[in-house]
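Chain by chain, the residues run as shown.
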Amino acid sequence: MAQPHHLVRSRPWQIPTGIDYREARIEGVDLGAWTVRLAGGIRLGYDVLVIATGAVLLPEETEGPTGPGWGENVCTFYDLPGAVGLHHALERFAGGRVVIDVADLPVKCPVAPLEFAFLADRYFQRCGIRDRVQLAYATPLDGVITDPVAAKALGSLLARKGIELVTEFTFGEVDGIVGRLVSYDEREVPFDLAVVVPLHGGAEYVGRSEGLGDELGFVPRRSAHSPASRTSGGVRDR
Ligand SMILES: Cc1cc2nc3c(=O)[nH]c(=O)nc-3n(C[C@H](O)[C@H](O)[C@H](O)COP(=O)(O)OP(=O)(O)OC[C@H]3O[C@@H](n4cnc5c(N)ncnc54)[C@H](O)[C@@H]3O)c2cc1C
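What comes next is a walk through the structure.

Procedures and definitions
- Residues numbered from 1 in each chain as written.
- Predicted model: local features only at pLDDT ≥ 70, side-chain atom pairs only at ≥ 80, totals over all residues.
- Pairing = 2+ DSSP bridges.
- Helix = DSSP H or I, 4+ residues; strand = E, 2+ residues; numbered from the N terminus.
- Near = placed C-beta within 6 Å.
- Domains from an automatic or database assignment.
- Core = buried A, V, L, I, M, F, W, Y, C linked by C-beta atoms within 7 Å.
- Buried ≥ 20, exposed ≤ 12 C-beta atoms within 10 Å, placed from the backbone.
- Contact = placed C-beta atoms within 7 Å.
- Axes fitted to C-alpha atoms, helices over the stretch in contact; angles between N-to-C directions.
- Expected span 1.5 Å × (residues − 1).
- Arc of directions from axis to C-beta.

Right, let's talk about the pairing of strand β10 (residues 180–183) for a bit. Pairing of strand β9 (residues 171–175) with β10 involves 4 bridges; the strand directions are antiparallel. Note that in β10 the partner of V174 across the bridge is L181. Taking the residues between adjacent antiparallel strands as the criterion, β9 and β10 are bridged by 4 residues, where G179 takes a positive phi near 85°. Bridge analysis of β10 against strand β11 (residues 188–190) gives 3 bridges, and the strand direction is antiparallel.

Moving on: the site of the ligand. In the neighbourhood of the ligand, the contacting residues comprise R25, I26, A52, T53, G54, F77, Y78, K108, C109, A112, A203 and Y205. Counting residues domain by domain, the shell around the ligand receives three or more from each of domain 1 (1–54 + 203–238) and domain 2 (57–200).

Moving on, we come to the sheet that holds strand β7 (residues 133–138). Hydrogen bonds between backbone atoms are what pair the strands of a sheet, whose relative direction is either parallel or antiparallel. Taken in spatial order, the 5 strands of this open sheet run β5-β12-β6-β7-β8, and their pairing is parallel. Looking at the sheet topology across the chains shown, the edges are occupied by β5 (74–75) and β8 (163–166). Relative to β8, β7 runs parallel, the two sharing 4 bridges. What sits directly across from A136, in β8, is E164.

Another point: the nonpolar core. Core analysis: the biggest nonpolar cluster contains 34 residues, and V98, V99, A194 and V195 have the highest contact counts within it. Beyond its immediate stretch of four places on either side in the chain, V99 contacts A136, A138, L181, V189, F191 and A194.

Turning next to the sheet that holds strand β3 (residues 43–45). With antiparallel pairing, 3 strands are arranged side by side in an open sheet as β1-β2-β3. If you trace the sheet from one side to the other, it starts and ends with β1 (26–30) and β3, each paired once. Shown here is a sheet whose adjacent strand axes are inclined to one another by a mean of 20°, direction ignored.

In a regular helix each residue adds 1.5 Å, so 16 residues correspond to 22 Å; helix α4 (residues 112–127) covers 22 Å between its end C-alpha atoms and thus fits that length. For α4, the complete set of buried residues consists of P113, L114, A117, A120 and D121. Around the axis of α4, the buried residues are gathered within 115° of arc, so they sit on the same side. α4 presents E115, L119, R122 and R126 as exposed residues on the side facing more than 90 degrees away from its buried surface. Contact partners of the buried residues in α4: β6 (96–102), β7, α5 (148–160), β8 and β12 (193–197).

Rendered as structure tokens:
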């Protein structure tokens, strides 16, 4: 419903004056030396380090998403090129089964896939084809969301809107040719259009920086390195 140029803003424009803004690739963090290494050999010292390099999509970590059908009948809206591809796929879609699937957790904004399901329901109504579309929502969780109160309310909302809920579904494979998602426990969910939220990972440098990240490049909530004082070095809770 939006165009890319409405969503993308200039980064320097967002930074208030009085903040030293550098645009450079972060190579790594040296926890012991309290420094961030930038491309070009520049080192920045810190007293407090806020890691805000986000998360990247790792669709290639699961069998199938980026194979045949990727960007055609297997799409994601979790990055801008993916969202643009899905926009075109929805324009082409004349009816059939749409499955929204969260591959694994953690993902950015766990409610965004649900929001998408509700928006899709509304979108197909506006197109006048809702009666020709079956919507399903597949999640690795045992309910729509982890919080039990929200899960109950949002689960009822899914049911009221006629959106099928498939729980404890951790996908291991996407077959874009046949049109089916296969879970690790070998259950199958057929689709005409799959909207997948791929596995996420942190920025690569986080995983590379000794003592900072885990194997997926995320900073663990509790780290072995958790001293607060600069004299001992280390990471505190994110
Ligand atoms: C579809 C969707 C809907 C969402 N809805 C909401 C919502 O309604 N409310 C909400 O609060 N959140 C929402 N989120 C989550 C929100 O977008 C993220 O939590 C937030 O953007 C994270 O901010 P960040 O600065 O950590 O990372 P990002 O916004 O991802 O920014 C990271 C930046 O770091 C840069 N970077 C990465 N690695 C390096 C490196 N080595 N060197 C230099 N730069 C690097 C990247 O280029 C990028 O510019 C949503 C996310 C998605 C995908």
